[in-house]
Amino acid sequence: MRVLITGGAGFIGSNIAFALQERYPDAKIYVLDNFSSGHFKNLIGFRGEVITGDIRDRELWEYLRRNFAFDVIFHEAAITDTTVEDQKLMMETNADSFRDLLDSALEWNAKVIYASSAGVYGNTEPPMREEEGLEPENIYGFSKLMMDRIAMDYMERFPELRIVGFRYFNVYGPRESYKGKSASMIYQLAVKMMHGQRPRIFKWGEQKRDFVYIEDVVKANLLALEKDVSGIFNIATGRARSFNEIIEILNRELGTNLETEYFDCPYDFYQEFTQADISKASKELGYEPEYSLEEGIREYLKHIKA
Ligand SMILES: NC(=O)c1ccc[n+]([C@@H]2O[C@H](COP(=O)([O-])OP(=O)(O)OC[C@H]3O[C@@H](n4cnc5c(N)ncnc54)[C@H](O)[C@@H]3O)[C@@H](O)[C@H]2O)c1
């Protein structure tokens, strides 16, 4: 099996790379990345190769089509900082380049498993279902919605091509530290609190998110690889938890009693409440999340401490 992982030096992509090389030791795995938010240290121990390049570069896709052939593409590369406001850059990187990728997949007859986002739902009413509430509030969410539209168009025109889109909710876990301020709040709060500093969050910490541990996200990707399906799926736990709850769990796990400091949210747009309906992924992919927030944080803290 020949595998291409775009964004493989990043958080989710590198975790997929390690899971694949363990489960399929004979697979030939290539990471394609421009190292804008990824880091080589995420790939220490990775036995495959790296192609350094930008997914916006059409010549790169031509070069890949001429010189490589892949059986499957995990597409994770994107501008992942949701506060970036440059609309052209966001659209070119996240959405337009996807057409070149899908055209290459057509030529190779490769399965495509790509990252969309819960950002497509904006502040619509939870629980979020795949067909409803597609009202992104920022250009990041809009670019992901456009990726889904492009994917649906290819699914319709080329039904033999297998395309799976994952609307990840809030993913946390090892290898996200190089995302800096875009790393999960779980990571940022854990590091602060481990240094004895008080956690700081937006007033009043009751905003809720569907937090999903990286192991469950990797599992979803492996299921998509193994199953003969196409479609767009929410990948989350199906449960929303608040930032105050994260701090409570961290205080308990770290044996600290640090008091929360609240401050005003500086953004015009902020998702107040996300919670996925994961019944479609459960029914069509057999996806069942294994980690509750408590279990995910406990597992993650072992890695952060190490
Ligand atoms: N982490 C989450 O909570 C979350 C939630 C929803 C969706 N997603 C999506 O999952 C995917 C992976 O996100 P992540 O959390 O691993 O973020 P990440 O920033 O760690 O990974 C993105 C990777 O893509 C690379 N990249 C960026 N622009 C590129 C370009 N033009 N050409 C080549 N490589 C480029 C970066 O260097 C990085 O390695 C993204 O598509 C993201 O939008 C993530």
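In this text the structure is predicted, and so the values were computed from the model without any measurement.

S.K.: How would you summarise the packing of helix α3 (residues 87-108) against helix α4 (residues 139-157) if you had to cite specific residues and measurements?
M.R.: In contact at an axis separation of 9 Å, α3 and α4 are set at 20 degrees when each is read in the N-to-C sense. The orientation of α3 with respect to α4, classified from their angle, is roughly parallel. Here the hand of the crossing between α3 and α4 comes out right-handed. Counting all contacts with α3, which are made through Q87, M90, M91, N94, A95, F98, R99, L102, D103 and L106, the residues of α4 involved are I139, Y140, F142, S143, K144, M146, M147, I150, A151 and Y154.

S.K.: A description of the packing of aromatic side chains should follow, citing residues and the corresponding values.
M.R.: The description of an aromatic ring pair uses the distance of the two centres, along with the angle that the planes make with each other. Counted by the stated rule, this structure contains 20 aromatic pairs. With a centroid separation of 6.2 Å and an interplanar angle of 70 degrees, the aromatic rings of F202 and Y267 are classed as edge-to-face. Highlighted residues: F202 in strand β8 (residues 200-202) and Y267 in the loop between β13 (261-263) and α8 (279-285), separated in sequence by 65 residues. Here Y267 falls in the partly exposed class, since its relative accessible area comes to 41%. Site record: aromatic cluster; members linked through ring pairs are Y30, Y63, F68, F70 and W108. Over the aromatic face of Y154 sits the side chain of R157, whose NZ or CZ is 4.9 Å from the ring centroid.

S.K.: Any chance you could break down the sheet that holds strand β1 (residues 2-6) for me, citing the residues and the numbers?
M.R.: Spatial strand order, β3-β2-β1-β4-β5-β6-β11: seven strands in an open sheet with parallel pairing. The open sheet is flanked by β3 (49-52) and β11 (231-235), the only strands paired with a single partner. Neighbour-to-neighbour, the strand axes of this sheet turn through a mean angle of 20 degrees, independent of strand direction. Pairing of β1 with strand β2 (residues 28-33), which is carried by five bridges, proceeds in the parallel orientation. Looking at the pairing, L4 lines up with Y30 of β2. Along the sheet, α4 makes contact with β4 (72-75), β5 (111-117), β6 (163-168) and β11, crossing β5 at roughly 150 degrees. On the sheet, helix α6 (residues 214-226) packs against β4, β5, β6 and β11 and is oriented at approximately 165 degrees with respect to β6.

Parameters at a glance
Residues numbered from 1 in each chain as written. Predicted model: local features only at pLDDT ≥ 70, side-chain atom pairs only at ≥ 80, totals over all residues. Heavy atoms only, no water. Axes fitted to C-alpha atoms, helices over the stretch in contact; angles between N-to-C directions. Helix = DSSP H or I, 4+ residues; strand = E, 2+ residues; numbered from the N terminus. Parallel < 35°, antiparallel > 145°, perpendicular 65-115°, else oblique. Left-handed = near helix turned anticlockwise from the far one by under 90°. Contact = heavy atoms within 4.5 Å. Phe/Tyr/Trp six-rings, centres within 6.5 Å; stacked < 30°, edge-to-face > 60°. Buried < 20%, exposed > 50% of the residue type's maximum accessible area, 1.4 Å probe, protein only. Lys NZ or Arg CZ within 6 Å of the ring centre and 35° of its normal. Pairing = 2+ DSSP bridges.

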